[in-house]
Amino acid sequence: MRQSQQLPLVGLLLFSLIPSQLCEICEVSEENYIRLKPLLNTMIQSNYNRGTSAVNVVLSLKLVGIQIQTLMKKMIQQIKYNVKSRLSDVSSGELALIILALGVCHNPEENLIYDYHLIDKLENKFQAEIENMEAHNGTPLTNYYQLSLDVLALCLFNGNYSTAEVVNHFTPENKNYYFGSQFSVDTGAMAVLALTCVNRSLINGQVKADEGNSKNISIYIKSLVEKILSEKKENGLIGNTFSTGEAMQALFVSSDYYNESDWNCQQTLNTVLTEISQGAFSNPNAAAQVLPALMGKTFLDINKDSSCVSASGNFNISSDEPVTVTPPDSQSYISVNYSVRINETYFANVTVLNGSVFLRVMEKAQKMNDTIFGFTMEERSWGPYITCIQGLCANNNDRTYWELLSGGEPLSQGAGSYVVHNGENLEVCWSKY
């Protein structure tokens, strides 16, 4: 896709419409870095550090300047495999993440971006998303979180995109920002980061657009920021525990769009640190996505031309040895009630090791009765994603999916990260959003 045609500069009017986007940031103090160790443990030692999870971990650690050579070498090899062997199977958002991770700063791995023409391939995948929206009532091939990642990567790495199409598809009231009737904070936050990048490119003259597009993008950012802040809880979390990190990034770069009294950044930071101490971020993707904000970083700090920094000394982490995790002593078992609901409900009582995640329950149930509980999954940016049960598969165009519930309430964590409890009533339900 090509950029919008060049039009005359709009001078002072443009700058009056688009705020300066100076960041207001709170971050973990160096004396409190020890409180981030559980996040590092999760990212470094997890069994799920493969596929997109590896990309998220590399992106997060490199962005905050933590260099653990043995870990990075292993994960970079996984990313290279994806680039060389299965790029056609990678979604647009996953490819955008790969580009961001490889090009966080000036390093040898960034050559993969250009050797394998990843920017060109992302442009093509982004165009396929647009074409699917035009053919299927505004629904992309993936989702708007990934679409926002696409725009962000193309913006940061000088790819071709149309500001007119960004304006057309990123209106704040678009249905794709919502999951049912619920505004998706992490989707809105990623859109703010992408739109802010486009905004800055307009101001700097890197991308040309007419005055109307520039004004609309500024209006979109303001509206999305208001929606994000409307999801702020009394304890400071924004949306839920796992969307808060990206919401913080969005608010860092958009402080001209809200009043200082609208958000107590330090309260949010303190609550997230408490959540960390209680083991909330047991999934490497969740840990990777919250760490940059806690260190005062955003995806807009990615700069392929800047030197890579190292902050690992401040964490007392060896560059050659990973952080160690103490294995649990308990090998006790628990029993949970598991059900699959389509037109009727199928039940099973499943016994798993204490500390098991939802996915393990599904795997045990599948072994008990593959016809009723058989399922398929694929790796997504947040870990394992349930695609099909009993041959009935989620479909973006139909806006259908498999919803995970506990005690009848939707879970905010995925199958690979939610730790189940003894006697819990777990359910997977065929749903529409």
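For the protein chain, an unreviewed UniProt entry supplies the name TCN1 isoform 1 and the organism Pongo abelii. Checking UniProt for the protein chain, the heading Subcellular location (unreviewed entry) contains the comment "Secreted". UniProt, in its Sequence similarities (unreviewed entry) section for the protein chain, records the words "Belongs to the eukaryotic cobalamin transport proteins family."

**Q** Explanation requested: empty space enclosed by the protein in the structure shown.
**A** Here the idea is plain: a probe the size of a water molecule rolls over the atoms and shows the empty space left. One pass over the structure, following the stated rule, counts two cavities of 30 Å³ or more. Its volume calculated, the second largest cavity comes out at about 30 Å³. If you go around the second largest cavity, the residues you meet are Asn56, Leu59, Ser60, Ala288, Gln289, Pro292 and Phe299. Secondary structure elements with two or more residues in the lining of the second largest cavity: helix H3 (52–64) and helix H14 (284–294). Its residues placed into classes, the lining of the second largest cavity shows four nonpolar, three polar and no charged.

**Q** Honestly, the side chain of Ser92 in this entry has me stumped. Any pointers?
**A** Of note, Ser92 is situated in helix H5 (residues 92–102). Classification of Ser92 by relative accessible area gives buried; the value is 4%. Non-local contacts of Ser92, meaning those with residues more than four positions away in its chain, are made with Leu122, Lys125, Glu129, Thr142, Gln146 and Asp150.

**Q** Even after reading the chapter, I still don't get the sheet that holds strand S5 (residues 375–380), so can you show me in this structure?
**A** Pairing between sheet strands relies on hydrogen bonds along the backbone, with the strands arranged either parallel or antiparallel. Here three strands make up an open sheet; going across it, the order is S5-S6-S7 and the pairing antiparallel. In this open sheet, the two edge strands, each paired with only one partner strand, are S5 and strand S7 (392–393). Direction of pairing for S5 relative to strand S6 (residues 383–389): antiparallel, over a ladder of six bridges. Paired with Thr376 across the two strands is Cys388, which belongs to S6.

**Q** Quick question: what am I supposed to make of the sheet that holds strand S9 (residues 409–410) here?
**A** The strand order across the open sheet built from five strands is S4-S3-S10-S8-S9, with neighbouring strands paired in mixed fashion. Each edge of the open sheet is held by one strand with a lone partner, namely strand S4 (345–353) and S9. With seven bridges joining them, strand S8 (residues 400–406) and strand S10 (residues 425–432) adopt antiparallel strand pairing. Residue pairing in the sheet places Trp402 in a bridge with Trp430 of S10. Where helix H15 (residues 358–368) meets the sheet, its contacts fall on strand S3 (333–341), S4, S8 and S10, and the angle it forms with S4 comes to roughly 115°.

**Q** How should the packing of aromatic side chains be read in this particular structure?
**A** The geometry of an aromatic ring pair comes down to the distance between the two centres and the angle between the two planes. Using the criterion set out here, one finds 13 aromatic pairs in the structure. Summarising the aromatic geometry, the rings of Tyr144 and Phe170 are spaced 5.4 Å apart at their centres and angled 35° between planes, so their arrangement reads as tilted. With a gap of 26 residues between them, Tyr144 in helix H8 (residues 144–156) and Phe170 in the loop between helix H9 (163–169) and strand S1 (178–179) connect regions that are remote in the sequence. Taken as a pair, Tyr144 and Phe170 share a single burial class, namely buried. A centroid spacing of 5.7 Å and a plane angle of 65° characterise the contact between Tyr401 and Tyr433, whose relative ring orientation is edge-to-face. In this pair, Tyr401 is assigned in strand S8 and Tyr433 in the segment after S10, connecting sequence segments 32 residues apart.

**Q** Is there a simple way to think about H15 in this case?
**A** An α-helical segment advances 3.6 residues per turn. Residues three or four places apart therefore align on the same side. For H15, the complete set of buried residues consists of Phe358, Leu359, Val361, Met362 and Ala365. Projected down its long axis, H15 carries its buried residues within an arc of 155°, all on one side.

**Q** Explain the environment of Ala293 to me, please; I cannot follow it from the model alone.
**A** Within the secondary structure, Ala293 sits in helix H14. Sequence separation between Ala293 and Ile25 is 268 residues, and the spatial gap between their C-alpha atoms is 8.7 Å. When residues no more than four places from it in sequence are discounted, the contact partners of Ala293 are Cys26, Gly245, Met248, Gln249 and Phe252.

**Q** Looking at this structure, I do not really get the pattern of salt bridges. What am I missing?
**A** Side chains that differ in charge, positive against negative, can pair when their charged atoms come close. Counting across every chain of the model gives five salt bridges. For Lys222, the salt bridge is made with Glu226, and the minimal N-O distance between the two is 3.5 Å. Linking Lys222 with Glu226, this pair stays in helix H11 (residues 211–230), spanning four residues, or about one helical turn. Here Arg341 and Glu427 are joined by a salt bridge, their closest N and O atoms 2.6 Å apart. Taken together, the residues span a long stretch of sequence, with Arg341 in strand S3 and Glu427 in strand S10 at a distance of 86 residues.

**Q** Whenever I open this one, the nonpolar core confuses me. Can you help?
**A** Soluble globular proteins: nonpolar side chains tend toward being buried together. Membership of the largest hydrophobic core comes to 110 residues, with the highest contact counts inside it found for Leu36, Leu39 and Phe281. In terms of residues, this core owes the most to one element, helix H10 (residues 185–204), which gives 11 residues. Other than its neighbours up to four places away in sequence, Leu39 contacts Ile276, Phe281, Ala287, Val290, Leu291 and Leu294.

**Q** Is there a simple way to explain the pairing of S10 in this structure?
**A** Successive residues of a regular strand alternate their side chains across the two faces of the sheet. The pairing of S3 with S10 spans five bridges and is parallel. Among the inter-strand pairings, Ser339 is bridged to a residue of S10, identified as Glu427.

**Q** Got a minute to help me understand the confidence of the model for the protein chain in this structure?
**A** Segments scoring low in pLDDT should not have their predicted coordinates read at a detailed level. Averaged over all residues, the pLDDT of the protein chain equals 85, while 87% of them reach at least 70. Here residues 1–23 is modelled with pLDDT under 50, and outside its nearest four sequence neighbours on either side it reaches 55 contacts, counting other chains as well. Here residues 318–330 is a poorly scored stretch, pLDDT under 50, and it has 23 contacts once near neighbours within four places are set aside; other chains count.

**Q** I keep staring at the environment of Ser332 and nothing clicks. Help me out?
**A** Mapped onto the secondary structure, Ser332 falls in the loop between H14 and S3. Taking relative accessible area as the criterion, Ser332 reaches 33% and is therefore assigned partly exposed. Spatially, the C-alpha atom of Ser332 lies 9.0 Å from that of Gly355, the residues being 23 residues apart in sequence.

Cut-off values and rules
- Residues numbered from 1 in each chain as written.
- Predicted model: local features only at pLDDT ≥ 70, side-chain atom pairs only at ≥ 80, totals over all residues.
- Heavy atoms only, no water.
- UniProt positions renumbered as here; feature names shortened; annotations may be inferred.
- 1 Å grid on protein atoms, 1.4 Å probe; cavity = no way out; pocket = protein on both sides within 12 Å on 5 of 7 lines; lining within 4 Å.
- Points joined across faces, edges and corners; volume = space filled by probe spheres on them.
- Helix = DSSP H or I, 4+ residues; strand = E, 2+ residues; numbered from the N terminus.
- Nonpolar A, V, L, I, M, F, W, Y, C, P; charged D, E, K, R; others polar.
- Buried < 20%, exposed > 50% of the residue type's maximum accessible area, 1.4 Å probe, protein only.
- Contact = heavy atoms within 4.5 Å.
- Pairing = 2+ DSSP bridges.
- Axes fitted to C-alpha atoms, helices over the stretch in contact; angles between N-to-C directions.
- Phe/Tyr/Trp six-rings, centres within 6.5 Å; stacked < 30°, edge-to-face > 60°.
- Arc of directions from axis to C-beta.
- Salt bridge = Lys/Arg side-chain N within 4 Å of Asp/Glu carboxyl O.
- Core = buried A, V, L, I, M, F, W, Y, C linked by side-chain atoms within 4.5 Å.
- pLDDT = per-residue confidence, 0-100.

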